[in-house]
Amino acid sequence: MAPYTRRRALILGGAAAVLSACAAPERPQPPPAKPGPSGRLFADTAAGLAVVDLAGGTVRATYPGTVADHRWTRLYQLHDGHLRTYRAADGALVDDLPIARTSSWQVKAVSSGVAAIGPPPGPRARTTITLVTGGRPRTLELGGNIEPEAFSADGSAMYVLDRLPPRAPDRYRVRVYDVAGGMMGALLTRDKRQIPPGQEEEMHGQGRQAVLDPAQNILYTLYTHQDAHLHTRDLAAGRDLSPGVHAFVHVLHLDQRWAYCLDLPAPFGLGPPAAHTLAVQDARLYVFDASTGRVVLASTKDLTITRTGLLGRLMSPTPAPGGSGEAFAVAGGGRLFLAAGRRLLVSDGATLAPQAAWDLPGQARGLAYLEGELLAGAGEQVLRLEPRTGARLGAMTLTGLRALRHAERTAG
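Residues numbered from 1 in each chain as written. Predicted model: local features only at pLDDT ≥ 70, side-chain atom pairs only at ≥ 80, totals over all residues. Heavy atoms only, no water.

### Considering the overall build of the protein
Next up, step 1: Tallying secondary structure elements over the protein gives one helix and 32 strands in all.
Next up, step 2: Out of the 412 residues in the protein, the part that is buried amounts to 50%.
Next up, step 3: Taking all contacts inside the protein whose residues are at least 6 apart in sequence as the whole, residues at least 24 apart take part in 46%.
Next up, step 4: Split by element, the accessible area of the protein, about 18,800 Å² in all, is 51% carbon and sulfur. (Helix = DSSP H or I, 4+ residues; strand = E, 2+ residues; numbered from the N terminus. Buried < 20%, exposed > 50% of the residue type's maximum accessible area, 1.4 Å probe, protein only. Contact = heavy atoms within 4.5 Å. Areas by Shrake-Rupley, 256 points an atom, 1.4 Å probe, with all protein chains shown as cover.)

### Quick notes on the pairing of strand S28 (residues 364-370)
Next up, step 1: For S28, the tally of buried residues reaches six of seven residues, placing the bulk of the element in the interior.
Next up, step 2: In this sheet, strand S29 (residues 373-378) lies alongside S28 in antiparallel orientation, the contact comprising five bridges. Bridge assignment links Tyr 369 to a residue of S29, and that residue is Leu 374.
Next up, step 3: Here S28 folds back onto S29 in antiparallel fashion, the turn holding two residues, of which Gly 372 has a positive phi close to 90 degrees. (Pairing = 2+ DSSP bridges.)

### Side note on the pairing of strand S13 (residues 157-164)
Next up, step 1: Of all the eight residues making up S13, seven are buried; the element is thus mostly covered by neighbouring parts of the structure.
Next up, step 2: As judged from the six bridges shared by strand S12 (residues 145-151) and S13, these two strands associate in the antiparallel manner. Within S13, the position partnered with Asn 145 by the bridge is Arg 163.
Next up, step 3: Direction of pairing for S13 relative to strand S14 (residues 171-178): antiparallel, over a ladder of eight bridges. Paired with Leu 164 across the two strands is Arg 171, which belongs to S14.
Next up, step 4: Connecting S13 to the antiparallel partner S14 that follows it, the hairpin turn spans six residues.

### Details of the packing of aromatic side chains
Next up, step 1: Scanning the entire structure with this criterion turns up five aromatic pairs.
Next up, step 2: Aromatic side chains Tyr 223 and Phe 248 sit 5.5 Å apart centroid to centroid with 25 degrees between the ring planes, which places their arrangement in the stacked category. Of this pair, Tyr 223 sits in strand S17 (residues 218-224) while Phe 248 sits in strand S18 (residues 247-253); the two residues are 25 residues apart in sequence, bridging distant segments of the chain. Of the two residues examined, Tyr 223 and Phe 248, each falls in the buried class.
Next up, step 3: Between the NZ or CZ atom of Arg 163 and the centre of the ring of Tyr 172, over which it lies, the distance is 5.3 Å.
Next up, step 4: The lysine or arginine in question, Arg 190, covers the ring of Tyr 260, its NZ or CZ lying 5.5 Å from the ring centre. (Phe/Tyr/Trp six-rings, centres within 6.5 Å; stacked < 30°, edge-to-face > 60°. Lys NZ or Arg CZ within 6 Å of the ring centre and 35° of its normal.)

### Some remarks on the sheet that holds S18
Where strands meet in a sheet, backbone hydrogen bonds hold them as pairs that are either parallel or antiparallel.
Next up, step 1: Strand order in the open sheet made by the four strands is S16-S17-S18-S19, with antiparallel pairing throughout. The sheet terminates laterally at strand S16 (206-213) and strand S19 (258-263), the two strands that pair on one side only. Within the sheet, the average angular offset between the axes of one strand and its neighbour, ignoring direction, is 20 degrees.
Next up, step 2: Bridge analysis of S17 against S18 gives seven bridges, and the strand direction is antiparallel. From the neighbouring strand, Leu 219 faces S18, where its bridge partner is Leu 252. (Axes fitted to C-alpha atoms, helices over the stretch in contact; angles between N-to-C directions.)

### A word on the side chain of Glu 147
Next up, step 1: Mapped onto the secondary structure, Glu 147 falls in strand S12.
Next up, step 2: Note on Glu 147: relative accessible area 7%, which makes it buried.

### With respect to the sheet that holds strand S22 (residues 294-299)
Next up, step 1: With antiparallel pairing, the four strands of this open sheet are ordered in space as S20-S21-S22-S23. On the outer flanks of this sheet lie strand S20 (276-281) and strand S23 (304-310), each paired with one strand and no other. Geometrically, the sheet is characterised by an average inter-axis angle of 20 degrees between neighbouring strands, direction not taken into account.
Next up, step 2: Relative to S22, strand S21 (residues 284-289) runs antiparallel, the two being bridged by six bridges. Bridging across to S22, Phe 288 finds its partner in Val 295.

What follows is the structure, encoded as structure tokens:
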């Protein structure tokens, strides 16, 4: 298989119309779209991860079956027994490594220069993982039902989900594998104390979304429906009863190996998981529930909720079985942007005060922010909007669009 395919996502064209002398006067034409910014957009599509040149409105490359690292510096593609690594900035092939036993395997977790490959989720008492570091693969045989989730920046620690019980999992805990020492261990508490064996937090719900704060290298993961969840701090204190938490944000410092759970107030976690979304900007963490319209603002410095608000419901609290759609959030320019269904809400990033509500021409498919522009996925379109007014600066078609993932400026 070729490393990637090239195709265009925006086809420009038109036909000139010649009016006869008796025809009605020509209607004024809308002003031409503002040229796109110098930047690139990464988006999930039916064909794979697409890299879009925003200035030209074209798809530069599409990578089927590809996972990006959290910092969007490397793209990892597993296909036909090979792990291919691409540089995200220009698509250059960095490595092409043969990998054994990959007929149904998946790229599980990646960072710059390190990747974990393993079998799809399912019941098992032992897990085989291929760990690739420095372009060299090695096989790990781990006891239990293990799912790699993330790496530290230097690749020395691999964070995993340990599913329990292994042959019929209904819950899981987060643990850390020391890559150099070859040992599995527990995380630290936020005050750097070792978590005693048996007191690791066990989560019964599902991880909805994860966002990395690259400045601190902290991973924020939103979990919902935690009816039977009990925190490490409760276990250590001898409390046996569940506090009834239905949603929280799992905060994982990838370099310092500590974890903390930020509880979210009801009704977070009671509605559909897809209605929940989060965003991180500077020292602010936002969580929004589109099924109730509730939003919370938390400080990433002390991990406490500082403000709550009500912005408006965008999704049904009880969707029909098999219902589609999910909520998206992004923060930038002092504002919080939220989208679900065919609606986009804007609030002040500091006070959560509502500022605007804009209609979308199609189902929300993600949000991304660039200085001076908001990108909004709607159906198979990517809209370029002025963040303060919602004025359309341009649009492009992206066939098979599923979700906008990341946008960044480039020189030019």
